[in-house]
Amino acid sequence: MKPGVRDVKPDAEDSLYDRLAAYAGRPAATASTGKDPVNAPMIRHWCEALGDTSPAYRGPDAVAPPTMLQVWTMRGLTGEPEPHDATDARSTAYDELLGLLEGAGYTSVVATDCEQEYLRPLRPGDLITFDAVIESVSRRKTTRLGTGYFVTTRMDVRANGEPAGTHRFRILKYRPPHRTKDLRPRPVINRDNAGFWAGVAEHRLLIQRCTNCATLRFPWLPGCNACAGQEWDTVEASGEGTVFSHVVMHHPSFPAFDPSGVGGPYAVALIELSEGVRIVGNVVGVPYDKVRVGLPVRLEFLRTDPELELPVFRASEGG
């Protein structure tokens, strides 16, 4: 059971479940091929984005970070296979299942968690193939986001024909309660990040620090990327930072993200804190088209509604 989730008692209104459960065990993909082999440039980009400096991911004997397992199976932004990808056999079952949920009013989606098992390291040049199956559909449940169903898929990944790992991915397809239509989405708080949100409630931005090697890490994780240590404490961020990269959100219009109520455009940035870690947040204090790489910002906390307060980053026109 996920934190903040409770069962809805079975009743006549959950007759949809039997139709959904019939999809459990159906293939979502069969003998599909990764769009690209495992490659050094993608490994380098991943490590730079996450600040992972492990020597295992560099040099002639480099391996890919294990958590990249799903990356090599993705089709990219277009979602289309390459013309030569004749072996791709993505099933329509998964789309049919989601269509059934959306037709019943469960139109919103959030990824809740994933589980990965690693059977062998992936190395540059490995050719990736995989099968995927709809593993399970939960009974109807009520969460803080709304009422819906958890859908879990399992992907079995092979490298050059050898089993390489298993990736389980779980989403919640839900019907948002009406009261949240003009509110920002609620953060998903779990056992790994609860300490971070407790700090936010006290107007403190807490960064994890490995007590074995003193490496700082963000976002919060159960283990250290540098030494695999499991013990950690926290340091409080000074609040100083600069814009490392940013995007401007034009669509969809979401009034809750704009104090004016218009709903956009608004800037979302990757902020590099003075401590060296990076965090995603909104930039406030300047028009969206004035946000730029290198812009100095300062942490502050924004109460978006009576139940939610978030860290944001304020810039000035002269910054």
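Residues numbered from 1 in each chain as written. Predicted model: local features only at pLDDT ≥ 70, side-chain atom pairs only at ≥ 80, totals over all residues. Heavy atoms only, no water.

1. Quick look at helix α3 (residues 93-103)
Among the residues of α3, A93, L97, L98, L100 and L101 are the ones counted as buried. End-on, the buried residues of α3 take up no more than an arc of 155°, which puts them together on one face. When the buried face of α3 is taken as reference, the exposed residues oriented beyond 90 degrees from it are D95 and G103. Those residues of α3 hidden inside the fold are in contact with α1 (16-21), β2 (27-33), β4 (128-137), β6 (147-159) and β7 (162-175). Looking one or two places after α3, you find G105, whose phi comes out positive at around 100°. (Buried < 20%, exposed > 50% of the residue type's maximum accessible area, 1.4 Å probe, protein only. Helix = DSSP H or I, 4+ residues; strand = E, 2+ residues; numbered from the N terminus. Arc of directions from axis to C-beta. Contact = heavy atoms within 4.5 Å.)

2. Here's the deal with the sheet that holds strand β15 (residues 308-314)
Strand pairs in the sheet, formed through backbone hydrogen bonds, run parallel or antiparallel to each other. Within the closed barrel, the five strands sit side by side as β11-β12-β13-β15-β14. Their pairing is mixed. Along the sheet, successive strands turn relative to each other by an average axial angle of 50°, direction set aside. Here five bridges tie strand β12 (residues 266-273) to strand β13 (residues 278-284), and the two strands are oriented antiparallel to one another. For V268, the partnering residue across the bridge sits in β13 and is N282. (Pairing = 2+ DSSP bridges. Axes fitted to C-alpha atoms, helices over the stretch in contact; angles between N-to-C directions.)

3. Focus on the packing of aromatic side chains
Applying the stated criterion across every chain yields a total of five aromatic pairs. A ring pair is formed by Y106 and Y149, whose centres lie 5.2 Å apart and whose planes are at 80°; its orientation type is edge-to-face. Taken together, the residues Y106 in the loop between α3 and β3 (108-118) and Y149 in strand β6 connect sequence positions 43 residues apart. Judged by its relative accessible area of 5%, Y106 falls in the buried class. Centre to centre, the rings of F196 and F218 are 5.4 Å apart; their planes meet at 65°, and the pair counts as edge-to-face. (Phe/Tyr/Trp six-rings, centres within 6.5 Å; stacked < 30°, edge-to-face > 60°.)

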